[in-house]
Amino acid sequence: MKKFSKIVGRILIGVLILALVAGAGGFYYFKSYLPNTVAQQSFPQIDGEINVSGLDGKVDVYRDKMGIPHIYAATTHDLFFTQGYVHAQDRFWQMDFWRHTGSGELSKMFGKGQVETDSFLRTLGWRQTAEAELEQLSPESTAILEAYAAGVNAYLKDHKGTALSLEYAVLKLLSPDYQIEEWLPVHSLTWGKAMAWDLRGNLGEEIERAVLLKTLTPAQVGQLFPAYPDDRPVIVNTIGILGQTPNVASDLQLLDYANVPLDNLTYNTSLLNDSLGPWSDGIGSNSWAVSGKLTNTGMPLLANDPHLGIQMPSIWYQVAMHCMPVNSDCSYEVAGFSFAGVPGVVIGHNAKIAWGVTNVSPDVMDLYIEKVNPENPNQYEVNGKWVDFAIREEKIQVVGGEAVNLTVRSTRHGPVISDTYGPLKDQGDPKDKEFKAFKDRAGVDLPPQYVIALAWTALTPSTPFEAIWGFDRAQNWEEFRQAASEFHVPAQNLLYADVDGNIGYQMPGNIPIRAKGDGSVPVPGWTDEYAWTGFIPFEELPYTFNPAEGYIVTANNRVAPRDYPYFITNDWSDFGSRSGRIVDLITKAPGKIDIAYIQKMHGDAYDENAATFAPLLLDLKPASELTPALDTLKGWDFQARADSTSAAVFNAFWRNFLKNTFNDDVPERYYPEGGSRWNLVMRNMMKNPNDPFWDDKTTTDITETMNDIIKKSFADGVAELQGLYGKDMSKWKWGDMHAATFRNSTLGKSGVFLIEDLFNRGPFPVGGGKAIVNATGWSVIDGYETNWLPSMRQIVDMSALNNSLTVHTTGQSGHAYNKHYDDMSKLWTDIKYYPMWWEQASIVNDSEGHLVLKSK
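All of these numbers come straight from a predicted model, not from anything done at the bench.

Digging into the overall build of the chain
- For the chain, the helix and strand inventory stands at 27 helices and 30 strands.
- Counting only residues that meet the buried cut, the chain has 63% of its 856 residues in that class.
- Counting contacts in the chain only where the partners sit at least 6 residues apart, residues at least 24 apart contribute 75% of the total.
- By element, 51% of the accessible surface of the chain is carried by carbon and sulfur atoms, the whole surface being about 30800 Å².

Have a look at this one:
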């Protein structure tokens, strides 16, 4: 169990023991009183009238039968005020938790057990950066944030404690002194930093490569981080600024990382796993746009399904916002998905355009090893001179305890995220032969004392939300691109379609240009040799408009062709598995593409990996007692459906195949998790059945080959299935192995069953898997349970916006026991949808509530 869960769990277990000691009354409190009485206190009013201070005039809020609010207001202020109000009605606990995460104030909510996490968050300085962003915003953007905050606070004024959410009843037991504070505009901006961290790219790989270089050769590490294959799709096939292919040398042989103690650094970067979810290799998203020449309506269809960590409630809050009337003073008319706590619509459509996003995962984070002055630990070296660290003092408030003081040091590159380490033990005598060989291999001397600083584009003030508000208003491709130019971090693949029949793609973002190197491992920071010299100009970032092929596919695959003159990354989240399959499904469609076909594409569970390796299994003919399990692979169409026994058998084999191949070669922290990169590693290795990685180093009397490991892994996989489900193979179902359980991000991971039962829902059997279009992630390390997933699915019909369809994972409400808390879960698991209503007549006809907000 993770650290956050352990700390909260210990306290709640103590509370629970006291409750159970009290006898039936304590059990009744958790199983009946909380769900049946207290929970209802937080359910929002969705009908009638409410008089609210701060509005310009009347606002109508229709809630459709899925609980989704459609807001109609006469002014921009009232539109965003009401969005803040309805967000608070449905999701305030989520908003409260997120703002404490973004500001590094979890200890203020959960107590001293979160001081360590807050210390790391304060070191990164998200709140500080967000405050600087707030100062730089235009008056129009500031007004949006202030109107939104006023709406949130209007709701908070009349609702306290359990009237806001059931979680506060439990928090009262955990942190009785906690007080809910008013919402501030900066709280919305800090969520941009949290999302940038969640979509951070290759920081983990940078640390991992450095750790692996302690025991593996650069060639072996390169083998585990392969290049993007030449035969796989790129998003933009041709670019008008093509020049010389970038000659970016790999940094893998730069330093001897055997003496760089990176364990503490890895631990620090893992502190946010509980609040934001762990980074998983291969996590990504899908989106594609098909032009009218390929569709049944003659107009574009745009599909999107962003892949994010599984959680309860959904990370998305669906909303529609309509100015009535639309004019120059109130220009918003938009529907789609927002973040609770942030004004505007992040993904969706307006009356003219639609857009979707997937993560680029560019390399925008570099670790710099900084020399520390041995005589003055408050100084570090810059080009031969000692300069002072920038020092910032932070005070971490702890509910129910004493405040904790923290000193944060920063270099010119960014905050120091490691401790200062002493002299390297193995530095040795410079006259010694072995030390000379070490120095030659390292290529540079490591300093006797150093710290590690993080350079990250998200720590330079710039918010993505001004770009998002620009998308919400944009009326054409030119205005969309203008808004995209303000989208600095996290860099996203921006997919576009419009009612005039156009489709397009733009990659935005601040992508660093390095003086030297590729950012693949930590580099020396004491000179300018590896400095960032600027960013790729927006005009030279990849884009395409109405490509000749009639479609655009983004699935975290390589963005630009190999002759693109700038370096973006080597660590793509998809190495052509999902993107290649989507391209195949588009180009091999049986006829004109319609919405029903897009739905089938969303649910496609074709496992390219199984298609590659299952034939090898069938050729090997393992022991006879394994024949029945092997026979399940014969005639399999390689679709990893929830009811598939074949998928269960193959994935059990695959998990053991990766473990048996690599767990004897790499540190436990970096055991393979599976995914697109590891699939490619294995496809490359199958070309050499005698590759040294196939050998099991724990057996000293034999050198294993690929076939040996395949046979052993299949036997291990069958044994694992028998241990889980017995020998009756009819009970071996992939959906049961791979089930999705939606857990509350805080109290739902406490380890206390009575608490978890209040907030968690599931398990739900699901199909799909990693590196599959229906991308439901799982971990080779932790097991088959779904840990990330398509967080929503959207299909926008540019011929008739009212025909558009969507679904997200749990439900619109964040209130446990509300009917909209989990009413989408079964739709989501079954790849089904509900209408994404656009026309007011359809909204009113489908409404379950009509709330009128009036100015006091």
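Read on for the rest.
Let's talk about helix α23 (residues 706-725)
- Taking 1.5 Å of rise per residue, the 20 residues of α23 would be expected to cover 28 Å, and the 28 Å separating its terminal C-alpha atoms lies within 8% of that figure.
- Of all the residues in α23, the buried ones are Met-706, Ile-709, Ile-710, Ser-713, Phe-714, Gly-717, Val-718, Glu-720 and Leu-721. The arc that holds the buried residues of α23, viewed along the axis, is 165°, so those residues lie on one side.
- Packing partners of the buried residues in α23 comprise α19 (608-620), α20 (627-631), α21 (645-662), α24 (734-737) and β26 (783-790).
- Phi turns positive, to about 85°, at Gly-726, one or two residues after α23.

With respect to the packing of aromatic side chains
- Tallied over the full model, the rule gives 44 aromatic pairs.
- When the ring of Trp-98 is compared with that of Trp-191, the centres are 4.0 Å apart and the planes differ by 10°; the resulting orientation is stacked. Placement of the pair is Trp-98 in helix α3 (residues 76-102) and Trp-191 in helix α9 (residues 185-198), with a sequence separation of 93 residues. In this pair, the class of Trp-98 matches that of Trp-191, namely buried.

Some words on the pattern of salt bridges
- Within this structure, the stated rule accounts for 32 salt bridges.
- Among the salt bridges present, the one from Glu-720 reaches Arg-655, with a minimum N-O distance of 2.7 Å. Taken together, the positions of Glu-720 in helix α23 and Arg-655 in helix α21 put the pair 65 residues apart, joining distant regions of the chain. Here Glu-720 matches Arg-655 in class, with each residue buried.
- One network of salt bridges, with partners in common, ties together Asp-231, Arg-232, Glu-608 and Arg-683.

Side note on the side chain of Thr-746
- In this fold, Thr-746 is placed in the loop between β23 (740-742) and α25 (753-759).
- Looking at Thr-746, its side chain comes within polar contact range of the side chain of Trp-93, at 3.3 Å.

Topic: unusual backbone geometry
- Each neighbour pair has its own omega, and for Met-324 with Pro-325 the value is 0°, a cis peptide bond.
- A cis geometry characterises the amide bond from Gly-762 onward to Pro-763, with omega recorded as 5°.
- Within the element layout of this structure, Pro-763 appears in strand β24 (residues 761-764).
- The phi torsion at Asn-556 lies on the positive side, around 65°, for a residue other than glycine.
- By the secondary structure assignment, Asn-556 is in the loop between β22 (551-554) and α17 (577-587).
- Its identity as a non-glycine residue notwithstanding, Ile-831 has a phi of 55°, on the positive side.
- One can find Ile-831 in the loop between α26 (825-829) and β29 (834-835).
- Looking at Ile-831, the relative accessible area reads 18%, which means it is buried.

With respect to the nonpolar core
- Ranked by internal contacts, the top residues of the largest apolar core, which has 187 residues, are Trp-456 and Phe-471.
- When residues in this core are grouped by element, the largest group, eleven residues, is from α3.
- Leu-216, Val-221, Phe-662 and Val-681 belong to the second-largest nonpolar core, a separate cluster that totals 50 residues.

Observations regarding the environment of Ala-648
- You can see Ala-648 is positioned in helix α21.
- Assessed through its relative accessible area of 0%, Ala-648 is described here as buried.
- C-alpha of Ala-648 to C-alpha of Asp-736: the two residues are 88 residues apart in sequence and 9.0 Å apart in space.
- Residues within four places of Ala-648 in sequence aside, it is in contact with Leu-721, Trp-732, Lys-733, Trp-734 and Met-737.

Section: the state of the cysteines
- Applying the stated rule across the entire model yields one disulfide.
- Here Cys-323 pairs with Cys-330 through a disulfide, and the sulfurs are 2.0 Å apart. Because the torsion about its S-S bond is -80°, the bridge between Cys-323 and Cys-330 counts as left-handed.
- Overall, Cys-323 belongs to the buried group, its relative accessible area being 1%.

What about the sheet that holds strand β9 (residues 353-359)?
- Pairing within the open sheet is mixed, and its eleven strands lie in the order β1-β30-β2-β3-β6-β7-β8-β9-β16-β17-β21. The open sheet is flanked by β1 (48-52) and β21 (543-545), the only strands paired with a single partner. Taken pair by pair, the neighbouring strands of this sheet meet at an average axis angle of 15°, ignoring direction.
- Taken together, the six bridges between strand β6 (residues 317-323) and strand β7 (residues 333-338) define a ladder with antiparallel strand orientation. When the sheet's bridge partners are listed, Gln-318 is paired in β7 with Phe-337.
- Where α3 meets the sheet, it contacts β1, β2 (59-64), β3 (69-73), β6, β7 and β30 (847-855), and its direction lies at approximately 155° from that of β6.

Comments concerning the environment of Pro-628
- Looking at the element boundaries, Pro-628 is found in helix α20.
- Placed 101 residues apart in sequence, Pro-628 and Met-729 show a C-alpha to C-alpha distance of 8.7 Å.

Notes on the packing of helix α6 (residues 126-136) against α9
- Contact pair α6 / α9: the axes reach a minimum separation of 8 Å and the direction vectors enclose 125°. Judged by the angle between their axes, α6 and α9 are oblique. Read as a crossing pair, α6 and α9 show a hand that is right-handed. Note on element contacts: α9 touches α6 through Pro-185, Val-186, His-187, Leu-189, Thr-190, Lys-193, Ala-194 and Trp-197, opposite Trp-126, Arg-127, Thr-129, Ala-130, Glu-131, Glu-133 and Leu-134.
- Counted by class, the contact of α6 with α9 contains eight nonpolar, three polar and four charged residues.

Quick look at the confidence of the model for the chain
- The predicted model of the chain has a mean per-residue pLDDT of 90, with 89% of residues at 70 or higher.
- Under a pLDDT of 50 for its full length, residues 241-245 has, in the predicted model, 15 contacts with residues more than four places off or in other chains.
- Taken as a whole, residues 420-444 scores under 50 in pLDDT and shows 38 contacts with residues more than four places along the chain or in a different chain.

Quick notes on the pairing of strand β28 (residues 805-808)
- Side chains Leu-805 and Val-807 project from β28 onto one buried face, and the interleaved Thr-806 and His-808 project onto a second face that is buried too.
- For strand β27 (residues 792-797) and β28, the ladder comprises four bridges, and the chain directions are antiparallel. By the bridge assignment for β28, Met-792 is matched with His-808.
- When β28 meets β29, the two strands line up antiparallel, connected through two bridges. What sits directly across from Thr-806, in β29, is Tyr-834.

Cut-offs used in this document
- Residues numbered from 1 in each chain as written.
- Predicted model: local features only at pLDDT ≥ 70, side-chain atom pairs only at ≥ 80, totals over all residues.
- Heavy atoms only, no water.
- Helix = DSSP H or I, 4+ residues; strand = E, 2+ residues; numbered from the N terminus.
- Buried < 20%, exposed > 50% of the residue type's maximum accessible area, 1.4 Å probe, protein only.
- Contact = heavy atoms within 4.5 Å.
- Areas by Shrake-Rupley, 256 points an atom, 1.4 Å probe, with all protein chains shown as cover.
- Expected span 1.5 Å × (residues − 1).
- Arc of directions from axis to C-beta.
- Phe/Tyr/Trp six-rings, centres within 6.5 Å; stacked < 30°, edge-to-face > 60°.
- Salt bridge = Lys/Arg side-chain N within 4 Å of Asp/Glu carboxyl O.
- Polar contact = N/O pair within 3.5 Å; in protein donor to acceptor, adjacent residues only side chain to side chain.
- Core = buried A, V, L, I, M, F, W, Y, C linked by side-chain atoms within 4.5 Å.
- Disulfide = S-S within 2.5 Å.
- Pairing = 2+ DSSP bridges.
- Axes fitted to C-alpha atoms, helices over the stretch in contact; angles between N-to-C directions.
- Parallel < 35°, antiparallel > 145°, perpendicular 65-115°, else oblique.
- Left-handed = near helix turned anticlockwise from the far one by under 90°.
- Nonpolar A, V, L, I, M, F, W, Y, C, P; charged D, E, K, R; others polar.
- pLDDT = per-residue confidence, 0-100.

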